[in-house]
Structure formats: structure tokens, C-alpha cells
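Architecture and fold: a report
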Amino acid sequence: MTDTGFDRAGSDRSAGHRDPRSGTNDLRRVGANPDFWYPVALSRKVRAGRVSATSFAGERIALYRGRSGAVYALEDRCAHRQVPLSMGVVEGETLRCCYHAWAYRGDGRISQIPYLSKGDGRPPRGVRGYPVREAYGLVFVFPGSPEKAAATPVPELPAFGSSRYRTMTFSRTVRCHYSFMHENLLDMNHQFLHRGVVGRLRPELLDHRSDARSVEARYLFSHAGGKRNRGANLLAAEGLTGRDSCDLMTIRTEYPYQTLDLVPEGAERPSFRLWAAYVPEDAAQRTCHAYGLLMIEKPGIPGALHLAWPFIRRFTERVFAEDRMAVEAEQRAWDEQGEDRNHEVFPLILDVREVLRANGVPVRPRPAACGLRPDDGPAPGG
């Protein structure tokens, strides 16, 4: 693939910071393209009659569920005094600011200002309302151009609704640029990091392919010895015996999402399927929220997966914690050095970097506050 910089987003190629070795724009300064559906909350966390705060790339968003059960997403500020609407009160299908009781409809328009007299000046239009959809136990918003929302599909996950699978949901904040997460999952050569839970795994890259929006890799995994966590055996459908097998793993970044399927040796279908999205939280996009749906095949023995569930949960949480430790260390190095000094040699990762760079948009840091430069990030202890 050739370097396209920010061309797909219509930006000047000369803008931004460039890697002096490759001549490409620094991927860690490329923002997530907002013209997609992004999960920003678990549906069960957005309770009826309650408001919760979330964000996308520094845009603060107030979510609330009306009396009808519908979820709405508004810019998290009152048009009057800029007080967060996430501090407000839900009344029917409207959200009322906690300060002067200005009421907003689900589309962000003002429906009432209680003390406004007939001769008083007219209020502003209101605040931004975001398109919202609920799927797979998640609340998705469309932070990009609203007119593109209807034509942009929410990702399809047929295994989620299948009676053959049960889903484990993950929701964690990770202090790194979202690109580190894509690289971490695609590059299975880091299994030494997980040696304490999976033993010695030998990943063999069988093949990989890429196009303008995606990168896909197929690995063959074999167990080369060492103690393997019971949860790993259960997740790979190998039961309690931990028998050695060769598993086929397919990982795909289909911008901006990522998937992973694992098919055990001799099996007809994946023993588990993972879907993940990494949603930038702050304006500089140095922190992201990882949402994951792990769809695990139910074994033939009734109730077996229910008994295995705690072991699988502990195993996946430990693997995620180790991955988070590594990617956050990568981000700290970038912060300290002020640039990307990685010396990447794996062609697969070079390809996914091109896809993320080409489909992203320039990060637009917010104006500096309290003496901080726009790129400084949060103040110490923030």
C-alpha cells in the first residue's frame, strides 16, 4: 500500500507531524473518523429517567432514556450557561437543565424556558443532537455528519443473536491512542507477554491481505509447552484436559472496528468470535474506551458454559490487563518522546497503520487552558 496521509479526509498532506524516517504522517496524531457508528455506553447503564455522561474525541455527550424507553444523545452543555446537561433531570422525553430548568427535546431543540415572558428575546436554537441506535446491548452514536447516519450501517454480528453462542461484554478505558489497540490484536507475535496464562504459544502467520479499508490476517496457533490457564482451555473448546491442538485464528481490522475468530482443530465453526471498537475519549485522542463482545460457542453439554463462565472471565480479564499494560507503556513512550520512534518491521502492522492513517482524520486539539499547550494532555493528577 502507498502512503496516502490525510488525503481521504480532504486535508493538506503537508499538515501535521511527519515521521522523518518514513515520511508519513505520525499515526498517533491521526484521529478516528467520526462518520461511523461508535458505542459510547452499555445499554444497561442508561437507565430509564436517568442521565449519564460520555464522550467521543473530546465532544462531551449526555445520554438519557425517556419514558418511552428511547435513548437520546445531546451535546453535554446547556445553551444558556453551558452547565452540563448530564447534571439535568429527565421529564418524559425531555431533558431539563438542573440550573435554570431549560428543557430540551431529544433532537436538542429547546422546548421550554419556564420564566421567559412573551416580550423577551428569543432563545437560541438549542444544542446538537446525535443520531442514536441501540444494538447488542450497546448504545451507539453517530458523531459525524448527521446526514450520513441513515446510510451508514451499524456493524452486523450474526453470532450475537444466535442460540449457539453466549456473549460476554467488556467495557474498559485504556490510556492510549486507539491505533495501539488495533496493532496489539493483529500482531500475535507478542504471546511472550501472556506466557503466564497461555504457556508457550507458537503463532504462525499463514497469510494476510489488505485493501483501502481493511487488513486481515490468518494465524495457525500451536501449544509448545508450559502451563496453560484453565480458562484458556475452556475458551478454545478444549475442555478441562487442555489437550494440545492447532487452532486457526482470523483477525480483521475493518475500519474502524476489529474482529477475531478462533476455530479449533477439527471444528466446523469458531469456538469464539470477538468484536471490538476503540472509541477515543479525549480531544487529543490519547485515551480510548474499548468495547468488546466476546461470543462464545455453547458446548453440547447443557449448563457447561455456565459453569465455565467465571474461569473464562478471569482468563480474558487477565489477558486484557497484560495487553493494557503494554499499550499504555507504548503511549507513555510516545508522550515522553513527542513522536513515534517505533521501528516496526512486521509487514502486517505496516499495512494496518496505512489503513488507519488513510481512513482517519487530523486530530484537532481543543484550545489550551490553564497554561497547557493543546498537545499537553491532562494536567498531572487529572
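Residues numbered from 1 in each chain as written. Predicted model: local features only at pLDDT ≥ 70, side-chain atom pairs only at ≥ 80, totals over all residues. Heavy atoms only, no water.

**Regarding the sheet that holds strand 8 (residues 103-104)**
On the basis of which strands lie adjacent, the open sheet formed by four strands has the order 6-7-8-9 and antiparallel pairing. With partners counted over all chains shown, the strands left at the sheet margins are strand 6 (89-91) and strand 9 (110-112), one partner each. (Pairing = 2+ DSSP bridges. Helix = DSSP H or I, 4+ residues; strand = E, 2+ residues; numbered from the N terminus.)

**Things to note about the environment of P39**
By secondary structure assignment, the location of P39 is in strand 2 (residues 38-42). Remark: the alpha-carbon pair of P39 and A277, spanning 238 residues in sequence, is separated by 7.4 Å. If we ignore the near neighbours within four places in the chain, the residues touching P39 are L138, V139, F140, W275, A277, V279 and Y291. (Contact = heavy atoms within 4.5 Å.)

**Overview of the packing of aromatic side chains**
According to the stated counting rule, one finds eight aromatic pairs in the structure shown. Where Y136 meets F160, the ring centres are 5.2 Å apart and the plane angle is 70°; that geometry is what we call edge-to-face. Of this pair, Y136 sits in the loop between strand 11 (132-135) and strand 12 (138-141) while F160 sits in the loop between strand 12 and strand 13 (165-174), placing them 24 residues apart in sequence. A relative accessible area of 18% means that Y136 is categorised as buried. Ring pairing ties together the aromatic residues F140, Y257 and W275, which thus form one cluster. (Phe/Tyr/Trp six-rings, centres within 6.5 Å; stacked < 30°, edge-to-face > 60°. Buried < 20%, exposed > 50% of the residue type's maximum accessible area, 1.4 Å probe, protein only.)

**Examining the pairing of strand 12**
Working note: regular strand, side chains alternate between the two faces of the sheet. The alternating pattern of strand 12 places L138 and F140 on one face and V139 and V141 on the opposite face, and all of these are buried. Looking at chain direction, strand 2 and strand 12 are connected through four bridges and run antiparallel. Considered in strand 12, the bridge of P39 is made with F140. The pairing of strand 11 with strand 12 spans four bridges and is classified as antiparallel.

**Regarding the pattern of salt bridges**
One pass over the full model with this rule turns up 23 salt bridges. Residue R218 is joined to D207 by a salt bridge in which the shortest nitrogen-to-oxygen separation is 2.6 Å. Here R218 is found in strand 15 (residues 214-223), whereas its partner D207 is found in strand 14 (residues 201-210), with 11 residues between them in sequence. Judged by its relative accessible area of 28%, R218 is partly exposed. You can call D207 partly exposed: its relative accessible area is 33%. (Salt bridge = Lys/Arg side-chain N within 4 Å of Asp/Glu carboxyl O.)

**Remarks on the side chain of D76**
Looking at where D76 falls in the secondary structure, it is placed in the loop between strand 5 (71-75) and strand 6. Among the polar contacts made by the side chain of D76, one reaches the main-chain amide nitrogen of S86 at a distance of 2.7 Å. Setting aside residues up to four positions removed in sequence, D76 forms contacts with A53, R60, I61, A62, P84, L85 and S86. (Polar contact = N/O pair within 3.5 Å; in protein donor to acceptor, adjacent residues only side chain to side chain.)

**Some details on the sheet that holds strand 2**
Picture the strands of a sheet paired through backbone hydrogen bonds; they go either parallel or antiparallel. Strand order in the open sheet formed by three strands is 2-12-11, with antiparallel pairing between adjacent strands. The strands lining the two open edges of the sheet, one partner per strand, are strand 2 and strand 11. Strand after strand, the sheet turns through a mean of 35° between neighbouring axes, direction not considered. (Axes fitted to C-alpha atoms, helices over the stretch in contact; angles between N-to-C directions.)

**Looking at the packing of helix 1 (residues 178-186) against helix 5 (residues 347-359)**
Relative to each other, helix 1 and helix 5 sit at 150°, their axes nearing to 10 Å. By the criterion of interaxial angle, the relationship of helix 1 to helix 5 is roughly antiparallel. Between helix 1 and helix 5 lies a crossing of right-handed hand. Packed against helix 1, whose contacting residues are S179, H182, E183 and L186, the element helix 5 presents L348, I349, V352, R353 and L356 at the interface. By residue class, the composition of the contact of helix 1 with helix 5 is five nonpolar, two polar and two charged. (Parallel < 35°, antiparallel > 145°, perpendicular 65-115°, else oblique. Left-handed = near helix turned anticlockwise from the far one by under 90°. Nonpolar A, V, L, I, M, F, W, Y, C, P; charged D, E, K, R; others polar.)

**Points about the packing of helix 1 against helix 4 (residues 304-337)**
Two elements in contact, helix 1 and helix 4, have axes separated by 10 Å at closest approach and are oriented at 130°. Taken as axis vectors, helix 1 and helix 4 run oblique relative to one another. With respect to the hand of their crossing, helix 1 and helix 4 are arranged in right-handed fashion. Contact residues: F180, M181 and N184 in helix 1; F320, D323, V327, E330 and Q331 in helix 4.

**Considerations on the confidence of the model for the protein chain**
Of all residues in the protein chain, 84% have pLDDT values of 70 or greater, and the mean over the chain is 86. Counting contacts from residues 1-16, a segment whose pLDDT is below 50, to residues more than four positions away or on other chains yields 38 contacts. Low pLDDT, under 50, characterises residues 368-382; the predicted model gives this stretch 12 contacts beyond four residues in sequence or across chains. (pLDDT = per-residue confidence, 0-100.)

**Quick look at unusual backbone geometry**
Residue P256 is bonded to the preceding Y255 through a cis peptide linkage, with omega at 0°. Positioned with a positive phi, A101 is a non-glycine residue whose angle comes to about 70°. The backbone of Y136 shows a phi angle near 60°, a positive value even though the residue is not glycine.

**Thoughts on the nonpolar core**
Residues L63, Y219 and W275 are the most contacted members of the largest nonpolar core, which totals 79 residues. Of all hydrophobic cores here, the second largest spans 17 residues; its members include Y64, V90, W102 and Y104. (Core = buried A, V, L, I, M, F, W, Y, C linked by side-chain atoms within 4.5 Å.)

**A short note on the pairing of strand 15**
Counting buried positions over the 10 residues of strand 15 gives eight, a clear majority of the element. Note: strand 14 against strand 15, nine bridges, orientation antiparallel. By the bridge assignment, H208 is partnered in strand 15 with A217. In this antiparallel pair of consecutive strands, strand 14 and strand 15, the connection spans three residues.

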